Amino acid sequence: MPAAKTLQFPNARQLGQLYCSNEANLVLAERKLGVRLVTRDDWLKIEGTDDATIARAETFFNLLNEGRAQGLAMRTPDFMRLIETYVAAGGEEKLRTLFSEPVQLATNKKSVVPKTLGQKLYLQAIQKNPIVFGIGPAGTGKTYLAMAAAVSALLKNQVQRIVLTRPAVEAGETLGFLPGDLREKILPYLRPLYDAMHDLLDAEDAARLAEKGIIEIAPLAYMRGRTLAHAFVILDEAQNTTPEQMMMFLTRLGDESRMIVTGDITQIDLPRSKQSGLVQAPRILRNIPGIEFQHFTGSDVVRHPLVQKIIDAYEQAKSVEPLGPA
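Residues numbered from 1 in each chain as written. Predicted model: local features only at pLDDT ≥ 70, side-chain atom pairs only at ≥ 80, totals over all residues. Heavy atoms only, no water.

Draft legend 1. Fine view of the sheet that holds strand β2 (residues 36-40). Strand order in the open sheet formed by three strands is β1-β3-β2, with antiparallel pairing between adjacent strands. Among the strands making up the open sheet, the edge pair consists of β1 (3-8) and β2. Shown here is a sheet whose adjacent strand axes are inclined to one another by a mean of 15 degrees, direction ignored. Seen against the sheet, helix α3 (residues 51-70) touches β1, β2 and β3 (43-48) and runs at an angle of roughly 20 degrees to β1. (Pairing = 2+ DSSP bridges. Helix = DSSP H or I, 4+ residues; strand = E, 2+ residues; numbered from the N terminus. Axes fitted to C-alpha atoms, helices over the stretch in contact; angles between N-to-C directions. Contact = heavy atoms within 4.5 Å.)

Written out as structure tokens, the structure reads:
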């Protein structure tokens, strides 16, 4: 016998935020959940063949509402990813875990909340450990969340400065032949860090903090010989460090400091004769308390839905034949 349930929300805007005010997302939810959805103003009616189907769809939208209340700014790719997660095996429990005990990072421009379970585990690890490695494919938010954690810690006076660094490994261009002074030469390598910073801080604040040296962005080579105390230090693109560089960086850790190391071991630009420090580090450091490794997968990708499919396709191709020239 057909069944129905109507969910009431405070206003139409909050209801619309759950599905990005995009009717195509409701059509997708209908297909995935096996129900019919009708919305008007501030209510959503769920029609289905039985009470269990109705209850499953109701739970999904209630979980989305929990995420919205925590500050999750839903976009269509987010909705698509969450509905796919929900209908997969064990998906309901994953979403419950994602939205229970919320993790929020407050910055000047926005509150940042994790969009996947992998992201939540990553942020929880950052809160608990002096050194955290975020390892995984492009689009999983490794660098952005590290920046958000650093900015939040600075604004709360938990650290006195932020240090951002990357190895300047040439990938098609030679650093010495780029125009300008050292800062201008290194800028292309550090651009993703600047982009994340400006998304989290007002432009005036970012410029002021950089001018005062409270936020420092420098190539990895400039870390040698330093002790970084009372700082939040991020090493990005760590797959392009050698084992010696990785050891050098990690031993810069000073009093009341934290470090985050991010990278993607499928995008190593080092010469083939050199080993990546990011590949080696988990084997050497995995049993040391205070160091945690968070490995992201394609299910943590928060860019366009095609990015996850591209990553999955390349992973499947690698299992058949090696990528790149023979």
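From this point, the discussion proceeds with the structure in view.
Draft legend 2. Structural context of the packing of helix α2 (residues 23-33) against helix α4 (residues 76-87). Contact pair α2 / α4: the axes reach a minimum separation of 11 Å and the direction vectors enclose 5 degrees. Our classification of the angle between α2 and α4 gives roughly parallel. Here α2 contributes Asn25, Leu28, Ala29, Lys32 and Leu33 to the contact with α4, which in turn contributes Thr76, Phe79, Met80, Ile83, Glu84, Tyr86 and Val87. Residues belonging to the contact of α2 with α4 are distributed by class as follows: eight nonpolar, two polar and two charged. (Parallel < 35°, antiparallel > 145°, perpendicular 65-115°, else oblique. Nonpolar A, V, L, I, M, F, W, Y, C, P; charged D, E, K, R; others polar.)

Draft legend 3. A look at the packing of aromatic side chains. In this structure the tally under the stated criterion is five aromatic pairs. Measuring from ring centre to ring centre gives 5.9 Å for Phe60 and Phe79, while their planes differ by 80 degrees; the resulting arrangement is edge-to-face. Of this pair, Phe60 sits in helix α3 while Phe79 sits in helix α4, and the two are 19 residues apart along the sequence. The class of Phe60 is buried, set by a relative accessible area of 0%. Note on Phe133 and Phe293: the rings are 4.5 Å apart at their centroids and 25 degrees apart in plane angle, and the pair reads as stacked. Placement of Phe133 in strand β6 (residues 131-135) and of Phe293 in strand β11 (residues 291-295) is noted, with a sequence separation of 160 residues between them. One aromatic cluster in this structure is built from Phe60, Phe61, Phe79 and Tyr86. (Phe/Tyr/Trp six-rings, centres within 6.5 Å; stacked < 30°, edge-to-face > 60°. Buried < 20%, exposed > 50% of the residue type's maximum accessible area, 1.4 Å probe, protein only.)

Draft legend 4. Structural view of the pairing of β2. Summarising the sheet, β2 and β3 pair through five bridges and their orientation is antiparallel. Its bridge partner lying in β3, Leu37 is registered against Ile46. Counted along the chain from β2 to the antiparallel partner β3, the turn is two residues long, and its residue Asp41 has a positive phi close to 50 degrees.

Draft legend 5. Inspection of the confidence of the model for the chain at higher detail. Per-residue confidence for the chain averages 88 on the pLDDT scale, and 90% of its residues sit at or above 70. Across the chain, β6 holds the top mean pLDDT of 98, while helix α8 (residues 182-200) sits lowest at 74. (pLDDT = per-residue confidence, 0-100.)

Draft legend 6. Just the side chain of Asn129, in detail. As for its placement among the helices and strands, Asn129 is situated in the loop between α6 (117-128) and β6. Exposure remark for Asn129: the relative accessible area of 13% places this residue in the buried category. There is a polar contact of 2.9 Å between the side chain of Asn129 and the side chain of Glu292. The residues contacting Asn129, other than those within four sequence positions of it, are Gly290, Ile291 and Glu292. (Polar contact = N/O pair within 3.5 Å; in protein donor to acceptor, adjacent residues only side chain to side chain.)

Draft legend 7. Structural view of the nonpolar core. Residues Ile215 and Phe232 are the most contacted members of the largest nonpolar core, which totals 35 residues. When residues of this core are traced back to their parent elements, those giving at least two are α6, α7 (142-155), β7 (161-166), α8, α9 (203-211), β8 (215-219) and β9 (231-235). The leading source of residues in this core is α7, at nine residues. (Core = buried A, V, L, I, M, F, W, Y, C linked by side-chain atoms within 4.5 Å.)

Draft legend 8. Geometry of the pattern of salt bridges. Counting across every chain of the model gives 14 salt bridges. The partner of Lys5 in a salt bridge is Glu58, with the nearest N and O atoms 2.9 Å apart. With a gap of 53 residues between them, Lys5 in strand β1 and Glu58 in helix α3 connect regions that are remote in the sequence. Residue classification places Lys5 among the partly exposed residues on the basis of a relative accessible area of 34%. Between Arg96 and Glu92 there is a salt bridge, with its nearest N and O atoms 3.1 Å apart. On the criterion of helical spacing, the pair formed by Arg96 and Glu92 is a turn pair, its members being four residues apart in helix α5 (residues 91-99). Assessed through its relative accessible area of 30%, Glu92 is described here as partly exposed. A cluster of three or more residues bridged by salt bridges with shared partners is formed by Arg75, Asp78, Arg81 and Lys115. (Salt bridge = Lys/Arg side-chain N within 4 Å of Asp/Glu carboxyl O.)

Draft legend 9. Quick peek at unusual backbone geometry. Look at Glu101: it is not a glycine, yet its phi comes out positive at around 45 degrees. Mapped onto the elements, Glu101 comes out in the loop between α5 and β4 (105-106). Not every positive phi belongs to a glycine, and Glu237 is a case in point at roughly 55 degrees. Considering the arrangement of structural elements, one finds Glu237 in the loop between β9 and α10 (243-250).

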